[in-house]
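# Observations on the three-dimensional arrangement
Chain residues, written in single-letter form:
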Amino acid sequence: MLQDILEAKKNLFADGVQTVLRGQENRNRRVVFLKGNLVQNSRGESRGINARVHDHGTYGFASIAEYTPEAAEKVLKAATENATFLAKHSTKKIQLPKTIGTGEIPLNAQIVDTEQKLLIELCQTIDAYVEKKYPDLSSRTIVYTEDSMDKIIYTSDACNGHIVSPRCYLYVMMSAESKEGAPVEMFKAFGGFGSFYDHFMNPEKLYPGIDELYRKLMDKKEGVYAQAGYKTVILGGMMGGMLAHEAVGHTVEADLVRGGSVAGPNLNKKVASELVTMVDFAHEYNGEMAPLPVYLDDEGIKAEDAVLIKDGTLVGYMNDRESAQAFDVAPLGNARGWTFSDEPLIRMRNTCILPGKNTVEELIASVDDGYYLIDSGNGQADLTGEFMFGVTCGYEIKNGKLGKALLDTTVSGVAFDMLKTVDMVSDTVEWSSSGFCGKKQPMPVGMGGPHMRCKIMIGGR
């Protein structure tokens, strides 16, 4: 129905005015079990239509929470009026290239609306398994989450398409007490792009991953505090992905570059070891579908990979149409909005440091005294590239072998300085895709990386 509405209203596009008409529906599902008790059971939808018009050197945007032909006509009219009004009061003129290329992007997936009772039954099954097998836990939480975006995009001078982005995850969270009586916690996320039926029809397949989570928690229960200082470490793939997204990725988003990020004066300069190449992948990695594929952005730009760092040199940024024109490069499909009422912002898609030539075992064996840092529960960074990440899972390395597990700690540094210390990179990549990026509005993102040997500042007790 919506596709017919938007197709018909394309006739209202004014000649010579760059226009995007977008219809969008978001769905979310959530079920939470805490120690066997159902404490949350929710589902929701939001949908509407928006229009963004570029005229008189400025953008006008309007949205409405309706799915009707009249709604599409209203937002086109309002967005045009907003552009005209803002042009009278703005000294800044937005320049856009005349055309980026046109075409049709076909429907890439389907959203399957699973019955809520199946989500509850899955959580009950996993909770019962954990309770029976691991009765010594002090607490356990099972969380099922599902979110999806369904977008239909029509433009005056770029690509049109119907893009669907479903994803679902099951989080298993475990708590125990350390030998000192302090709580220790760990979690693992299962799932990815697709529906419940793609990932969770056979709960028994999750049991090995749950067993591994428990083993690591028991190691952590007997863990020690890291010795604070500037140390040689092996960053696991999840830690590398967090670094790629938070500490580097945001600094090379063109709107933040223009806002003063450290990447601005470093374009075409060495910012990392020659072993480091970093790419924001659109929809394919290594011949397979990327964790959260993006085929078309919300400006009607066909999504392509954006190379950010190549052999240690900063070579590019992520752009929307406006910033791409300012930097005299082609936009590659990085502009996305979370809901129908959100204007598109420059966002990451699947940001990853590429693999090297060494095995993980070779990296660990190369360290006489250091740490193997596997997982992070949180992290933050600013536009200088300075970062601080929590470490929720890690181990000592003594004489090339893993030692005791670590209790929670932190790592910190400046990304471009730290990346220059990378001297070994593993031949495999690990991906994480269960989180949201919180840049002004939520956005599902994928991030990944290989294991890397480097030097970093680690916190202690």
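Below is a summary of the structure that appears in this document. (Residues numbered from 1 in each chain as written. Predicted model: local features only at pLDDT ≥ 70, side-chain atom pairs only at ≥ 80, totals over all residues. Heavy atoms only, no water.)

## Here's the deal with the pattern of salt bridges
Using the criterion set out here, one finds 27 salt bridges in the structure. A salt bridge links Lys-216 to Glu-212, with the nearest nitrogen and oxygen atoms 3.6 Å apart. Remark: Glu-212 and Lys-216 occur in helix H5 (residues 207–221); sequence separation between them is 4 residues, near one turn of the helix. Three or more residues joined by partner-sharing salt bridges are found here, namely Glu-25, Arg-27, Arg-29, Arg-43, Glu-45 and Asp-113. (Salt bridge = Lys/Arg side-chain N within 4 Å of Asp/Glu carboxyl O. Helix = DSSP H or I, 4+ residues; strand = E, 2+ residues; numbered from the N terminus.)

## Considering the packing of helix H3 (residues 116–133) against H5
At a minimum axis separation of 12 Å, H3 and H5 run at an interaxial angle of 45°. Considering their axes alone, H3 and H5 lie oblique with respect to each other. Regarding H3 and H5, the two cross each other, and that crossing is right-handed. Between H3 and H5, the contacting residues are Thr-125, Ile-126, Tyr-129, Val-130 and Lys-133 on the first element and Tyr-207, Ile-210 and Asp-211 on the second. Considering only residue class, the contact of H3 with H5 consists of 5 nonpolar, 1 polar and 2 charged. (Axes fitted to C-alpha atoms, helices over the stretch in contact; angles between N-to-C directions. Parallel < 35°, antiparallel > 145°, perpendicular 65-115°, else oblique. Left-handed = near helix turned anticlockwise from the far one by under 90°. Contact = heavy atoms within 4.5 Å. Nonpolar A, V, L, I, M, F, W, Y, C, P; charged D, E, K, R; others polar.)

## Points about the packing of aromatic side chains
Considering all chains together, one arrives at 12 aromatic pairs under this definition. Taking 6.2 Å as the distance between ring centres and 55° as the angle between the ring planes, the aromatic pair formed by Phe-196 and Phe-200 counts as tilted. We note that Phe-196, like Phe-200, is buried. Each member of the aromatic cluster is reached from another via a ring pair, and the members are Tyr-144, Phe-196, Tyr-197 and Phe-200. The ring of Phe-190 has Lys-188 lying over it, and the distance from NZ or CZ to the ring centre is 5.5 Å. (Phe/Tyr/Trp six-rings, centres within 6.5 Å; stacked < 30°, edge-to-face > 60°. Buried < 20%, exposed > 50% of the residue type's maximum accessible area, 1.4 Å probe, protein only. Lys NZ or Arg CZ within 6 Å of the ring centre and 35° of its normal.)

## Regarding helix H2 (residues 69–89)
Counted at 1.5 Å a residue, the expected span for H2 with its 21 residues is 30 Å, and the 31 Å between its end C-alpha atoms agrees. Within H2, burial applies to Ala-71, Ala-72, Val-75, Leu-76, Ala-79, Ala-83 and Ala-87. Buried residues of H2, viewed axially, fall in a sector of 135°; they line one side. Summarising the geometry of H2, the exposed residues directed more than 90 degrees from the buried face are Lys-77, Lys-88 and His-89. (Expected span 1.5 Å × (residues − 1). Arc of directions from axis to C-beta.)

## Looking at the environment of Phe-389
Inspection of the secondary structure puts Phe-389 in strand E19 (residues 386–391). Remark: the alpha-carbon pair of Phe-389 and Ile-458, spanning 69 residues in sequence, is separated by 9.7 Å. Discounting chain neighbours no more than four positions away, the residues touching Phe-389 are Met-239, Met-242, Leu-243, Glu-246, Ala-247, Ser-376, Asn-378, Gly-379, Gln-380, Thr-409, Thr-410 and Val-411.

## Describing the side chain of Lys-151
Mapped onto the elements, Lys-151 comes out in strand E5 (residues 139–155). Here the side chain of Lys-151 touches Gly-337 through a polar contact of 2.9 Å, landing on its backbone oxygen. (Polar contact = N/O pair within 3.5 Å; in protein donor to acceptor, adjacent residues only side chain to side chain.)

## Here's the deal with the packing of helix H1 (residues 2–9) against H2
For any two helices packed against each other, one specifies the inter-axial angle together with the distance between the axes. H2 packs onto H1 with a crossing angle of 45° between their chain directions and a minimal axis gap of 9 Å. Put simply, H1 runs oblique to H2. For the crossing formed where H1 meets H2, the hand is right-handed. Here Ile-5, Leu-6 and Lys-9 of H1 come into contact with H2, specifically with Pro-69, Ala-72, Glu-73 and Leu-76.

## Quick look at a negative patch on the surface
A surface patch of negative charge is lined by Glu-284, Glu-288, Glu-304 and Asp-305. As for its position among the elements, Glu-288 is in strand E11 (residues 288–289). (Patch = residues over 30% accessible without salt bridge, like charges linked within 9 Å, V, L, I, M, F, W, Y side chains within 5 Å. Areas by Shrake-Rupley, 256 points an atom, 1.4 Å probe, with all protein chains shown as cover. Lys, Arg positive; Asp, Glu negative; His and termini not counted. Charge placed at Lys NZ, Arg CZ, Asp CG, Glu CD.)

## Quick word on the sheet that holds strand E24 (residues 430–432)
The 6 strands lie next to each other as E13-E12-E9-E16-E27-E24, forming an open sheet whose pairing is mixed. Looking at strand neighbours, the two that pair on one side only are strand E13 (313–314) and E24, the edges of this open sheet. Each of strand E9 (278–281), strand E12 (306–310), strand E16 (350–353), E24 and strand E27 (446–449) touches helix H6 (residues 237–249); the most contacted strand, E27, lies at about 120° to it. (Pairing = 2+ DSSP bridges.)

Structural measurements only, silent on function.
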